[in-house]
Amino acid sequence: MAQLKHILVFRLSAMGDVAMTVPVVRALIAQHPDVRVTIVSRPFFKPFFKDIDRVEFFSIDIKKRHKGFLGLIKLFKDLKKLKVDYFADFHNVLRSQLIRSLFSLTGTKVAALDKGREGKKELTRVENKVFKQLPTMFSNHQQTLARLGFKVDLANPQFPAVPELAPELLQYVKEKDTVWIGIAPFAQYDTKVYPLNLMQQVVDSLAEREKSIIFLFGGGEKEIALLNQLKRDNYNVIVMAGKVKFDAEINLIQHLDVMLSMDSGNAHIAAMLGKKVVTLWGATHPYAGFAPFNQPADYCITADRAKYPLLPTSVYGNKIVEGYEDAMRTIDPQVVCDKIIEIINSDK
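Each chain carries its own residue numbering, running from 1 in the written order of its sequence. Per-residue local features of the predicted model are confined to residues with pLDDT of at least 70, and side-chain atom pairs are confined, for both listing and counting, to 80 or more; whole-chain, interface and lining totals are unaffected and use all residues. With hydrogens and water set aside, each side-chain value is computed from the structure's full complement of heavy atoms.

1. Quick word on the environment of Ile39
As a reminder of what qualifies: Every helix listed is a DSSP run of H or I at least four residues long, and every strand listed is a run of E at least two residues long, numbered separately from the N terminus.
Residue position: Ile39 is located in strand E2 (residues 35-41). Sequence separation between Ile39 and Met272 is 233 residues, and the spatial gap between their C-alpha atoms is 16 Å.

2. Some details on the domain arrangement of the protein chain
Selection rule: What marks off one domain from the next here is an automatic or database domain assignment. Accessible surface is computed with a 1.4 Å probe, and the buried area is the amount of it that two parts give up when combined, taken over both parts together.
Considered domain by domain, the protein chain is made up of domain 1 (5-148) and domain 2 (168-347). For domain 1 versus domain 2, the separation of C-alpha centres amounts to 27 Å. Roughly 2200 Å² of surface becomes buried between domain 1 and domain 2 when both sides are summed, with 75% attributable to carbon and sulfur atoms. If you sort the residues of domain 1 by the area they bury against domain 2, Lys120, Thr124 and Phe131 come out on top, with a joint share of 24%.

3. Describing helix H10 (residues 265-272)
How we decide: Accessible area is worked out with a 1.4 Å probe on protein chains only. A residue is then buried under 20% of its type maximum, exposed over 50%, and partly exposed in between. Two residues form a contact once any of their heavy atoms are found within 4.5 Å.
Here H10 lies mainly inside the structure; eight of its eight residues are buried. Burial in H10 covers these residues: Gly265, Asn266, Ala267, His268, Ile269, Ala270, Ala271 and Met272. Contact partners of the buried residues in H10: helix H1 (15-19), helix H2 (22-31), strand E6 (179-184), helix H9 (246-254), strand E9 (258-262) and strand E10 (277-281). Positive backbone phi, at 85°, marks Gly274, one or two positions downstream of H10.

4. Overview of the packing of aromatic side chains
Defined as follows: Between the rings of Phe, Tyr and Trp (Trp by its six-membered ring), a pair exists once the centres lie within 6.5 Å; its type follows the angle of the planes, with under 30 degrees stacked, over 60 edge-to-face, and the other angles tilted.
This structure, assessed with the given rule, holds 16 aromatic pairs. Both rings, one in Phe10 and one in Phe87, keep their centres 6.0 Å apart while their planes meet at 40°; by these two values the pair is tilted. You can see Phe10 sitting in strand E1 (residues 5-10) and its partner Phe87 sitting in strand E4 (residues 86-89), a full 77 residues away along the chain. Each of the two residues, Phe10 as well as Phe87, counts as buried. Ring geometry for Phe76 versus Phe103: centroids 5.0 Å apart, planes at 80°, classification edge-to-face.

5. Looking at unusual backbone geometry
Here Leu311 and Pro312 are connected by a cis peptide whose omega angle stands at -5°. Although it is not a glycine, Asn92 sits at a positive phi angle of roughly 60°. Among the secondary structure elements, Asn92 is positioned in the loop between E4 and helix H4 (94-105).

6. Observations regarding the side chain of Asn251
To be explicit about the condition: Any N or O atom pair separated by 3.5 Å or less is treated as a polar contact, with the protein-specific requirement of one donor-capable and one acceptor-capable atom, and with residues adjacent in sequence counted only for side-chain atom pairs.
Structurally, the position occupied by Asn251 is in helix H9. The class for Asn251 is buried, based on a relative accessible area of 9%. Within polar-contact distance, the side chain of Asn251 engages the backbone oxygen of Glu164 at 3.0 Å. Sequence-distant contacts of Asn251, that is, excluding residues within four places in its chain, are made with Pro163, Glu164, Leu165, Ala166 and Leu169.

Structure representation (structure tokens):
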């Protein structure tokens, strides 16, 4: 039997960025039976890849063994032992650039993500804005693999089968006989967070539906307190933050009928699992290439550009523009609810 070609995929960064690599890796494996992959990332993200054949995971230790310049040299030596044939740099930052260069010097074929910085500047600048759809992160990853000689088609994606409900979830919810809606109302930056009083209207409206359970996702003491406020006295709204481990949260997301999320990691986790995902966009915009995988365009609900013509003002949401603090208030809670109900009804 011929030896499998070994591709090293390097992707650290944020949760959503790592989640966006999953559909591409899954397609790569399905379409190239002569390939095996090792993912290099933070240990927290290992569950993303656990069900994919011929995919192994290398946990980078950036706090100890792989910290600093000398740590990167150790990382290269550790990765070199894996005897890889190709290095796919899905991150393209200083850390990965150094590792990539070392692999290249030792004869390994390498390719790096094109971040499309110029297009993103044109999309988000105040003057002479060029408002057009940029290549998605998924297509950028496809191009990276293509430069290594591996064509990947994402037109007919495969998703993991829905497993049995994790045992640790059974204390919060029993066998599924209702519509399950996930809501992840937070994001890294405030410019991407739907105002909580409007989100309260969404939660209360959806909670009025018979045979619906709403799961609220988040993390950290501050977010848990806010989620409990959103829950109020709605018997069919369950705050999941801080209650189960990450593996169990992923398991629960696999059982959802639809996820409502900001432009954040939870959207990409749900999408990589084949769930239907409605996203709300404030300072950012799906045109920057970060819309969740395999979702119709109308599942992305954006702030009103007629009232806020400078949108998007940021690729990641980390830029605050004076006068644009209330941009997300132009998203009507009823529009959000209607879209979710439309998706639920389409599955009947």
